[in-house]
Amino acid sequence: MKDSGDNDDDAKGPGNTGTGIVTKTRAKTKKPSLYKVLLLNDDYTPMEFVVHILESIFGKNREEAVDVMLHVHRHGVGLCGVFTFEVAETKVAQVIEFARRHQHPLQCTMEKE
Ligand code: TYC
């Protein structure tokens, strides 16, 4: 792998013509994998409770939250957002724990994008 130094002939001095091309490359950084957080439908969790979760945990406005909730209600599953692994994991845990505390069966899961 190339380091971040340049390795050409742009320098002047003995044996150098000073005509090289500057080829500085960056140290390699890799993009983190992303994960979809999905909400699952059930027959018991109140619609308003799901909307509240989408607003408070996923930062959606009222209109977006209602859209996602109705999508899940009609299709069985829906996308809440896409996050890095640890953020996705934390949000899934927050949803499941908040639902459990209120005795709703709402389930949430994540999958690699
Ligand atoms: N199906 C639920 C009802 O009719 C509403 C609901 C929507 C539940 C989305 C879960 O992820 C969900 N009360």
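Everything that follows concerns the structure shown earlier in this document.
Not measured: the values here are computed from a predicted model. (Residues numbered from 1 in each chain as written. Predicted model: local features only at pLDDT ≥ 70, side-chain atom pairs only at ≥ 80, totals over all residues. Heavy atoms only, no water.)

**Some details on the packing of helix 1 (residues 47-56) against helix 3 (residues 85-101)**
Between helix 1 and helix 3, the shortest axis-to-axis distance is 11 Å and the interhelical angle comes to 145 degrees. At the point where helix 1 passes helix 3, the crossing takes the right-handed sense. On helix 3, the residues touching Phe49, His52 and Ile53 of helix 1 are Val95, Phe98 and Ala99. (Axes fitted to C-alpha atoms, helices over the stretch in contact; angles between N-to-C directions. Helix = DSSP H or I, 4+ residues; strand = E, 2+ residues; numbered from the N terminus. Left-handed = near helix turned anticlockwise from the far one by under 90°. Contact = heavy atoms within 4.5 Å.)

**Considerations on the packing of aromatic side chains**
Tallied over the entire structure, the rule returns three aromatic pairs. Judged by centre distance (6.2 Å) and plane angle (40 degrees), the ring pair of Phe58 and Phe83 falls under tilted. Within this pair, whereas Phe58 is found in the loop between helix 1 and helix 2 (62-75), its partner Phe83 is found in strand 2 (residues 77-84), the two being separated by 25 residues in sequence. Using a relative accessible area of 10% as the deciding quantity, one classes Phe58 as buried. On the basis of relative accessible area, Phe83 is assigned to the buried category, the value being 17%. The cationic tip of Lys91 hangs over the ring face of Phe83; the distance from NZ or CZ to the ring centre is 5.3 Å. (Phe/Tyr/Trp six-rings, centres within 6.5 Å; stacked < 30°, edge-to-face > 60°. Buried < 20%, exposed > 50% of the residue type's maximum accessible area, 1.4 Å probe, protein only. Lys NZ or Arg CZ within 6 Å of the ring centre and 35° of its normal.)

**Quick word on the pattern of salt bridges**
Going through the model one piece at a time under the given rule, you end up with four salt bridges. The closest approach of N and O atoms between Arg62 and Glu48, which form a salt bridge, is 2.7 Å. Remark: Glu48 occurs in helix 1 and Arg62 occurs in helix 2; sequence separation between them is 14 residues. Residue classification places Arg62 among the partly exposed residues on the basis of a relative accessible area of 41%. For Glu48, a relative accessible area of 46% gives the class partly exposed. Residue Arg62 is joined to Glu55 by a salt bridge in which the shortest nitrogen-to-oxygen separation is 3.3 Å. In this structure Glu55 comes out as partly exposed when scored by relative accessible area, which is 24%. Each member of the salt-bridge network shares a partner with another, and the members are Glu48, Glu55 and Arg62. (Salt bridge = Lys/Arg side-chain N within 4 Å of Asp/Glu carboxyl O.)

**Here we look at the site of the ligand**
Looking at the ligand, the residues that line it are Leu39, Leu40, Asn41, Asp42, Thr45, Met47, Val50, Met69, Val72, His73 and Leu106. In the environment of the ligand, a nitrogen atom lies 2.8 Å from a nitrogen or oxygen atom belonging to the side chain of Asn41. Against a free-state accessible area of 350 Å², the protein chains account for coverage of 89% of the ligand. Looking at the shell around the ligand, the elements with two or more residues in it are strand 1 (34-40), helix 1 and helix 2. (Near = heavy atom within 4 Å. Polar contact = N/O pair within 3.5 Å; in protein donor to acceptor, adjacent residues only side chain to side chain. Areas by Shrake-Rupley, 256 points an atom, 1.4 Å probe, with all protein chains shown as cover.)

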